[in-house]
Structures are given as structure tokens and as C-alpha cells.
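So you can see what is in the structure, the chains are spelled out below.
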Amino acid sequence: MPSPGPSQVLVKVIATSVNLSDWECLRGDPMYARIGGLRTPARRVLGSDIAGIIEAIGSDVTGFRPGDEVYGDNLDLKGGFAEYALAPESALAHKPGALTFAEASTIPQAGPIALQGTAAAGPGRRVLINGAGGGSGMFAIQLAKRSGAYVTGVDNAGKLDFMTSLGADDVIDYRSQDFTRGDPHDLVLDNVAYRSVFAYRRSLARGGRYLCVGGTSRSLLRILTAGFVAGRLTGRRLGVLVVKLGPAHFEPLAELCVSGDLQIHIDSTFTLDEVPQALAHHGEGRALGKVVVQVA
Ligand SMILES: NC(=O)c1ccc[n+]([C@@H]2O[C@H](COP(=O)([O-])OP(=O)(O)OC[C@H]3O[C@@H](n4cnc5c(N)ncnc54)[C@H](OP(=O)(O)O)[C@@H]3O)[C@@H](O)[C@H]2O)c1
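Residues numbered from 1 in each chain as written. Predicted model: local features only at pLDDT ≥ 70, side-chain atom pairs only at ≥ 80, totals over all residues. Heavy atoms only, no water.

S.K.: Describe the overall build of the chain, and please don't skip the residues or the numbers.
M.R.: The helix and strand inventory of the chain stands at nine helices and 13 strands. On C-alpha atoms alone, the chain measures out to a radius of gyration of 19 Å, which is about the 19 Å that the 2.2 N^0.38 rule sets for 296 residues. Per-residue burial over the chain gives 55% buried out of 296 residues. Across the chain, every contact between residues at least 6 apart in sequence was considered, and the portion connecting residues at least 24 apart equals 68%. (Helix = DSSP H or I, 4+ residues; strand = E, 2+ residues; numbered from the N terminus. Rg over C-alpha atoms; globule rule 2.2 N^0.38 Å. Buried < 20%, exposed > 50% of the residue type's maximum accessible area, 1.4 Å probe, protein only. Contact = heavy atoms within 4.5 Å.)

The following block contains the structure:
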């Protein structure tokens, strides 16, 4: 049983959701997933997004008491695929009573990506979300649609109907069509970048913005360097979105879920013993929306 440090809490994990970042840390690919642990994972127990009940608190913790229901993204310490996890007080928020533990566990990492990635969406804007059938894409489609944008979702063929059900106006199967060769967009949110900066620039209308949140290390480096220059020279902006995580960034999205303005789609639920299957189900691209591990 782990013991909390002064500013940490011990959470009895009830549910934890799978993110692509878990799969990336597990496999050490892309390369940046090895930061802090080049040859072996920095954290032996993976699992970032947790929802559960406070079991014990450190001496400096003021915001929580044992018995409180909480949720949050424990990206630094991880350890969510376990009965108990340590987390810094600052990573957690009180769980809204209207959300189940499983539902709450889907929000802390995917929510901020979707909120910050679609912040520039608006009425009449053409927004494309690449990798839109996964966890953050599920929220991003709905947020962009709520803003009044015309939304295109890109993912594999098995996820096209799902993206339409979330509100996408147009859907593209990335295995049969290259979105960078289609109509230009005002905003592109890319969860899985691997193309050249010139392809991404081509996907933008003049004044348009391309935001990458994940992809190959090589693509991210190119976007940060050549992409920045190539975009500016032609009146477009290409960049990497470093997502701000934490309660201030995921609670607004949880409120939209509580009010019924956004829906949470849980593709499937696994037990703690089935974490390998849960990771594979998500990582191999079979999940629509989120995969949850119900621990207790
Ligand atoms: N920038 C930051 O600060 C930050 C922080 C946390 C996470 N992230 C990143 O955020 C991203 C999104 O995470 P998530 O958990 O929402 O991922 P997710 O649930 O796995 O969703 C990604 C989706 O992209 C699809 N996909 C895979 N390859 C594709 C391709 N070539 N073209 C189009 N779609 C493709 C996947 O489906 P299939 O594989 O089935 O085809 C999946 O539906 C990840 O890259 C993660 O590393 C960034």
C-alpha cells in the first residue's frame, strides 16, 4: 500500500480510462514517450486518468478529506491501473455527483485536449479533426459542432458512423483518403501527425491554423521548426499544442457533460486483470471513444 507524501493523496481507484499516452508509454513509441525512462518506462504502473475515493491524505493537503470522491489526470506519477494510486492534490478535483466513476475517468486528459484544440472553432469555420474517433476526438467533434463550425472527422473506416453520430458534418477514412489533398480548412486539430509540414500547410485556408497534439517525434520536430516558418510565409500558422492539464482545464468540460451538452461514449469496460486487453483494444484502434478499466 503506497503512502502519500505531504502534498499527495492516496486514491482508492474505482475506474481509470485508457489514453493513447498509456499505449505510447507502454511501447516507448513515439520517442518522446521515453522521456524520463529511455530503456524502461519511468513508471512501472501505467494509467493516468483516475476516478476514485480518497483513502488517505498527506500532512499538507487541505482540499480533500478521506471519503471524498475525486477524479483527475495523474500523468506525472501514473499508477492508475491499480487498486490504489498516489496523486498530487493539485491533479484532482471533486467528482460531480451526476457522473459515474467510469464517466468521470474519461474526462481529465481527453477533455483539455479537446477544449484547447477547438478553442479557435466558431460559426462558419471549417474545422477538421484528425483522429476524431478516439477519446479526445469524441469531445472535440462535439465542441467544434457546438461552436457553429462545419466539422470534418478523420479516422479509420470503422469509426465513420460514430463520428457522424457525434455531429460531424463530413467524415473521412484516413486509410483510403488523404485529408491534406482535399478542401482547405480554417482549423486542423491533429491527434496523430505523421505527414510533412507542406502537406499540413496545404490543408489550411489562408489565415488557417494547424494544431498538432500528438504524432511521430519527427513530425512534431518538423512542425516546430520548418512548419512554423513555412506557415508564416504563407499567412498560415502551424504549431504544436502543449496541452495545459489539471482541474482548471478539465472541470469546464465535465460541467458540459453534467448539463447534457456533451455526451460521453464508453466503448467498452474491462476489469483490472484485463488491462493488457484494454490497452490493446484501444491501441490497436478498435475503440470508439473511450475504453475504461473498472477497478472496483
Ligand atoms: N500535446 C499534449 O500536451 C498532449 C497531452 C496528452 C496527450 N496528447 C496526445 O493527444 C493525442 C490524442 O490522444 P487520445 O487519447 O485522444 O487518442 P485516441 O483515443 O487513441 O484517439 C486517436 C485516434 O486516432 C486514430 N488514428 C490513428 N492513426 C491515424 C491516422 N494516421 N490518421 C487518422 N487517425 C488515426 C485512432 O484510430 P486507429 O488507431 O484505430 O486507426 C484513434 O481513433 C495522442 O497523440 C496523445 O499522445 C498530447
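Moving on from the model shown.
S.K.: An account of unusual backbone geometry is requested, with residue identities and associated values reported.
M.R.: In this structure, P30 follows D29 across a cis peptide bond, with omega equal to 5°. With phi around 55°, K78 is a residue other than glycine that occupies positive phi space.

S.K.: Quick rundown of the environment of A140? Include the residues and the values.
M.R.: One can find A140 in helix α4 (residues 135-146). A140 gets classed as buried once you look at its relative accessible area, which sits at 0%. Spatially, the C-alpha atom of A140 lies 9.6 Å from that of P112, the residues being 28 residues apart in sequence. Those residues in contact with A140, other than ones at most four positions away along the chain, are A114, T118, I129 and L189.

S.K.: Which residues make up the site of the ligand, and what values do they have?
M.R.: Looking at the ligand, there are 26 residues lining it, with G135, S136, D155, Y174 and G285 nearest. Here an oxygen atom of the ligand and a side-chain polar atom of K159 are 2.7 Å apart. Within the side chain of Y174, an N or O atom sits 2.5 Å from an oxygen atom of the ligand. Compared with its free state, where it exposes 940 Å², the ligand has 88% of that area covered by protein. At the level of elements, α1 (20-27) and α4 are the ones that each hand at least two residues to the shell around the ligand. Of the residues contributing to the shell around the ligand, the split by class is nine nonpolar, 13 polar and four charged. (Near = heavy atom within 4 Å. Polar contact = N/O pair within 3.5 Å; in protein donor to acceptor, adjacent residues only side chain to side chain. Areas by Shrake-Rupley, 256 points an atom, 1.4 Å probe, with all protein chains shown as cover. Nonpolar A, V, L, I, M, F, W, Y, C, P; charged D, E, K, R; others polar.)

S.K.: Which residues make up the sheet that holds strand β9 (residues 185-190), and what values go with them?
M.R.: With respect to topology, six strands assemble into an open sheet ordered β8-β7-β6-β9-β10-β11, the strand pairing being parallel. Of all the strands in the sheet, just β8 (170-173) and β11 (237-240) have a single pairing partner and so form its edges. Averaged over neighbouring strand pairs, the angle between their axes works out to 15° when direction is ignored. Looking at chain direction, strand β6 (residues 126-130) and strand β7 (residues 150-155) are connected through five bridges and run parallel. By the bridge assignment for β7, V127 is matched with V151. Contacts between α4 and the sheet are confined to β6, β7 and β9, with β6 contributing the most and set at about 175° to the helix. In this fold helix α7 (residues 217-233) packs onto β10 (204-212) and β11, with an angle of close to 160° to the strand it touches most, β11. (Pairing = 2+ DSSP bridges. Axes fitted to C-alpha atoms, helices over the stretch in contact; angles between N-to-C directions.)

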